[in-house]
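The lines below spell out each chain.
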Amino acid sequence: MLKKLEIDEDLLAKVYESPEVTGYVTENAAKACGLTNGIPVAAGAGDNAAAAIGTGVCENGKAFTTIGTSGVVFAHTDETIFDPKGRIHTFCCAVPGAWHVMGVTQAAGLSLSWFKNQFAGDLSYREIDNLCENIPIGSDKLIYLPYLMGERTPVLDTNARGVFFGLSAMHTRAHMARAVMEGVSYSLKNCLDVLCEVGVAAADMALCGGGAKGSFWRGMIADLFNMPVKIMQSEEGPALGAAILAGCASGIFKNVPEGCEKLVKAKHEQQPNKTNHAEYEKYYQVYNSLYPSLKSNFSMLADLDK
């Protein structure tokens with residue numbers, strides 16, 4: 001790439017692997033932060049790459065799903081695997097010499113926080129979960145498209161917008177809340193499907209982020225993915241991952257997998273319900289049919305202010 005763009009490589013800084021030492025805490029920094037002078041500093045990693053280490057995703061077959069503001073389905077791979085349609089991202093991961101592939105839902109937890117702020121400000125998230133548990137799978141034929149910020153995986157469309165499809169006079173805010181959670185889960189299932197399509201194994205799935213804290217949404221993900229999902233002992237996956245990388249840089253661990261083996265533990269495994277999975281699949285098919293039908297309408301709407 002540098003050769004194509006005629007950029008002199010000497011103008012750029014060295015690129016480090018995540019557990020490599022990039023420098024040491026200086027005397028001034030040590031005084032300012034209350035640290036010891038000379039502590040080694042690791043290169044570290046981005047949020048999702050660090051979360052992978054903090055959830056033990058450091059070898060083929062392992063993956064994690066996070067429901068934060070955005071949602072991610074992330075899998076480790078020892079090989080460079082690309083999607084020719086550009087629906088997912090392939091990056092160097094925090095394990096030296098290896099890669100990760102991930103799909104992204106732009107508005108995952110953001111969708112639920114938007115709904116809560118606009119329509120359920122009097123309820124806690126736990127109370128919203130309790131309301132949703134009384135609504136059947138499929139939200140009585142109400143489906144939500146979580147495109148509040150456009151979308152990345154699998155549609156790559158900045159014009160896409162959020163939709164409640166099937167809304168009728170019988171629907172309550174409880175129906176809408178469950179539809180939001182289901183729509184986000186369908187979008188994450190889209191990400192998983194694309195990973196499987198390009199040959200990335202995701203047989204061992206962890207779940208993290210704010211959405212993982214409630215058993216209701218955890219169960220929904222396990223049922224829809226039709227696979228067990230693990231909840232880790234540490235709720236701060238990215239921070240734990242960064243600590244493991246620092247441990248490698250300082251010689252506490254000989255490599256990243258060893259650090260993960262010693263520090264990353266699961267506290268619970270959510271099992272899927274096969275009957276629920278079959279029911280979700282019916283609505284997932286309808287969900288997948290909506291964007292292709294609305295794509296041109298999204299474009300028309302975007303063009304109105306031009």
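Parameters at a glance
Here the residue numbers are simple positions, counted from 1 along each chain's written sequence. Thresholds applied to this predicted model are a pLDDT of at least 70 for local features of residues and 80 or more for the giving and counting of side-chain atom pairs; totals over whole chains, interfaces and linings are not thresholded and use all residues. Side-chain numbers come from the whole structure's heavy atoms, not from hydrogens or water. Only protein chains enter the accessibility calculation, which uses a 1.4 Å probe; a residue is then buried when its area is under 20% of its type maximum, exposed when over 50%, and partly exposed in between. Numbering of helices and strands runs from the N terminus, with a helix taken as a DSSP run of H or I at least four residues long and a strand as a DSSP run of E at least two residues long. What counts as a salt bridge is simple: a side-chain nitrogen of Lys or Arg found within 4 Å of a carboxyl oxygen of Asp or Glu. When DSSP finds two or more bridges between a pair of strands, those strands are recorded as paired. Simply put, an axis is a line fit to the C-alpha atoms, just over the touching stretch for a helix, and the angle between two N-to-C directions goes from 0 to 180 degrees. Angle categories are assigned with fixed cut-offs, so that under 35 degrees is roughly parallel, over 145 is roughly antiparallel, 65 to 115 is roughly perpendicular, and the rest are oblique. Crossing handedness is defined as follows: a turn of the near helix away from the far one that is anticlockwise and smaller than a right angle gives a left-handed crossing, while the clockwise case is right-handed. Any two residues whose heavy atoms approach within 4.5 Å at even a single point are treated as in contact. By the convention adopted, Pro, Cys, Tyr, Trp, Phe, Met, Ile, Leu, Val and Ala count as nonpolar, Lys, Arg, Asp and Glu as charged, and the other residues, Gly among them, as polar. Throughout this description, the term nonpolar core refers to a set of buried Ala, Val, Leu, Ile, Met, Phe, Trp, Tyr and Cys residues connected via side-chain atoms within 4.5 Å.

Visitor: How do you make sense of helix α6 (residues 215-225) when you look at a structure like this?
Guide: Quick reminder: α-helices carry 3.6 residues per turn. Residues three or four places apart thus point the same way. Judged by how many residues are buried, α6 sits mostly within the fold: ten of eleven residues are covered. Every buried residue of α6 is accounted for by F216, W217, R218, G219, M220, I221, A222, D223, L224 and F225.

Visitor: When you look at the pattern of salt bridges in this model, what are you seeing that I'm missing?
Guide: Where side chains of opposite charge bring their charged atoms close, a pairing between them can arise. Counted according to the given criterion, the structure contains ten salt bridges. When the shortest N-O distance is used, the salt bridge between E59 and K62 registers 3.8 Å. Exposure remark for E59: the relative accessible area of 40% places this residue in the partly exposed category. A salt bridge links E182 to R178; the nearest nitrogen and oxygen atoms lie 2.8 Å apart. Placement of the pair is E182 and R178 together in helix α5 (residues 173-197), with a separation of four residues, close to one helical turn. Here E182 and R178 have matching classes, each one buried. Several salt bridges share partner residues, and in doing so they unite D83, R87 and E197 into one network.

Visitor: Mind showing me how you'd approach the sheet that holds strand β5 (residues 89-92) here?
Guide: For sheets, the rule is that strands pair by backbone hydrogen bonds, running either parallel or antiparallel. Taken in spatial order, the seven strands make up an open sheet running β5-β6-β4-β3-β9-β10-β11, and their pairing is mixed. The sheet is open, and its two borders are formed by β5 and β11 (266-270), each paired with just one other strand. This sheet shows a mean twist of 30° between the axes of neighbouring strands, independent of strand direction. In the sheet, strand β3 (residues 61-67) pairs with strand β4 (residues 71-77) via five bridges, with the strands oriented antiparallel. Considered in β4, the bridge of T66 is made with V72.

Visitor: Would you mind going over the packing of α5 against α6 with me for this structure?
Guide: Packed helix pairs are characterised by how far apart their axes lie and by the angle those axes make with each other. Between α5 and α6, the least distance of the axes is 10 Å, while the angle of their chain directions is 40°. Accordingly, the angle class assigned to the pair α5 and α6 is oblique. Crossing of α5 against α6: the hand is right-handed. Between α5 and α6, the contacting residues are R178, M181, E182, V184, S185, Y186, L188, K189 and L192 on the first element and F216, W217, M220, I221, L224 and F225 on the second. Residues that form the contact of α5 with α6 fall into these classes: eleven nonpolar, one polar and three charged.

Visitor: Could you clarify how one ought to interpret the nonpolar core in this entry?
Guide: Side chains of nonpolar character tend, in soluble globular proteins, to be buried together. In terms of nonpolar packing, the biggest core is built from 57 residues, with V73, Y147, M205, W217 and F225 touching the most fellow members. Top element by residues in this core is α5. It accounts for twelve residues. Ignoring sequence-local partners within four residues, the contact set of F225 consists of T65, V73, S185, L188, K189, L192 and M205. Ranked by size, the runner-up nonpolar core spans 25 residues in total, among them V57, V95, A98 and C248.

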